[in-house]
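One-letter residues, chain by chain:
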Amino acid sequence: MSVRRKLIAGNWKMNGSRAQLAELSAIAAAAREAAGVDVAICPPFTLISLAAARAGGLAIGAQDCHQSDSGAHTGNVSAPMLKEAGARLTIVGHSERRADQHESDALVSAKAQAAIRHGLRTIVCVGESEADRAAGRAGKVVSAQLSGSLPDPEGDGEMVVAYEPIWAIGTGKSATTADVAEMHALIRAHLIDNFGDRGGRIRILYGGSVKAENAAELFAVDNVDGALVGGASLTAEQFVPIIQAAARC
Ligand SMILES: O=C(CO)COP(=O)(O)O
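Parameters at a glance
- Residues numbered from 1 in each chain as written.
- Predicted model: local features only at pLDDT ≥ 70, side-chain atom pairs only at ≥ 80, totals over all residues.
- Heavy atoms only, no water.
- UniProt positions renumbered as here; feature names shortened; annotations may be inferred.
- Helix = DSSP H or I, 4+ residues; strand = E, 2+ residues; numbered from the N terminus.
- Polar contact = N/O pair within 3.5 Å; in protein donor to acceptor, adjacent residues only side chain to side chain.
- Contact = heavy atoms within 4.5 Å.
- Near = heavy atom within 4 Å.
- Areas by Shrake-Rupley, 256 points an atom, 1.4 Å probe, with all protein chains shown as cover.
- Nonpolar A, V, L, I, M, F, W, Y, C, P; charged D, E, K, R; others polar.
- Buried < 20%, exposed > 50% of the residue type's maximum accessible area, 1.4 Å probe, protein only.
- Pairing = 2+ DSSP bridges.
- Right-handed = clockwise from strand over helix to strand, strands pointing away.

- As recorded in an unreviewed UniProt entry, the protein chain goes by Triosephosphate isomerase and comes from Sphingosinicella rhizophila.
- Checking UniProt for the protein chain, the heading Subunit (unreviewed entry) contains the comment "Homodimer."
- Checking UniProt for the protein chain, the heading Sequence similarities (unreviewed entry) contains the comment "Belongs to the triosephosphate isomerase family."

Here you go:
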């Protein structure tokens, strides 16, 4: 039994609507039953306060935050704004933002630092592309992302790392347990080297085509402390069995 509680976080990406918030009550009920598991849902910004109002103990989070608290940054949302809306966590550095918004490691680190400073649980994402893996440089790429993207974890908010191989996201092609074990061990070693004992307590999530069918085998892998779930977090029917699999670990 790991010293680290499992964390199951749903990333709705640019999906969801007011109507879809109806899914939250069954997800929250499953979260209350899963005593040893932390459960969160990260809907789009527009739904955060509505989701928080009906979360029933479920943690609601964002998918990004700006590195500044306020200012002339049209279209952006800051960590204090997220908190005021009812968010308790945020994702930063998702590969879709690194690609679509050209986010660098340094920017991701600054965003993570801002979120942690404001007491948000902060999930920092890393992961290699298919070409990186084919060329045998997956470990190198992820190590460089960790070195560049992780902030000083001191602060009121908890830092969490999510390993999401880009080729496994939304493809139905999850990484093998052997690949996950190897990469999570590498990430753990990096965390201990950089943050000492504290690095042993930082949770490492796996993300990329996690579903009811593969959740239990992924959660049994050393240093897999939960999951960041995309498509399968959109409905209670698909998300609840993942929460239940984590509770059985
Ligand atoms: O990107 C992801 C979560 O952040 C994973 O998405 P899928 O679970 O849809 O593959």
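1. Comments concerning the side chain of Arg 4
Next up, step 1: With respect to the secondary-structure elements, Arg 4 resides in the segment before strand E1 (6–11).
Next up, step 2: A polar atom in the side chain of Arg 4 sits 2.8 Å from the backbone oxygen of Gly 200.
Next up, step 3: Side-chain polar atoms of Arg 4 contact the side chain of Asn 223, separated by 3.3 Å.
Next up, step 4: With residues up to four places along the chain from it excluded, the contact list for Arg 4 reads Arg 188, Gly 200, Arg 201, Ile 202, Arg 203, Asn 223 and Asp 225.

2. Let's talk about the site of the ligand
Next up, step 1: Around the ligand there are 13 residues in total, and Lys 13, His 94, Gly 170, Ser 209 and Gly 230 lie nearest to it.
Next up, step 2: Take Glu 164: an N or O atom from its side chain is 2.9 Å from an oxygen atom of the ligand.
Next up, step 3: At a separation of 2.8 Å, an oxygen atom of the ligand approaches a polar backbone atom of Gly 230.
Next up, step 4: In the complex, the protein chains occlude 94% of the 310 Å² of accessible area that the ligand would expose alone.
Next up, step 5: Residues that form the shell around the ligand fall into these classes: 4 nonpolar, 7 polar and 2 charged.

3. Digging into the pairing of strand E2 (residues 37–42)
Next up, step 1: Among the 6 residues in E2, 6 count as buried, and that is most of the element.
Next up, step 2: Burial along E2 is two-sided: the face carrying Val 37, Val 39 and Ile 41 and the face carrying Asp 38, Ala 40 and Cys 42 are both buried.
Next up, step 3: Pairing geometry for E1 and E2, over 6 bridges, is parallel. Across the sheet, the residue bridging to Leu 7 is Asp 38, located in E2.
Next up, step 4: Viewed along the sheet, the connection from E1 through helix H1 (residues 23–33) into E2 turns out right-handed.
Next up, step 5: As defined by bridge partners, E2 adjoins strand E3 (residues 59–62) across 2 bridges and the pair is classed as parallel.

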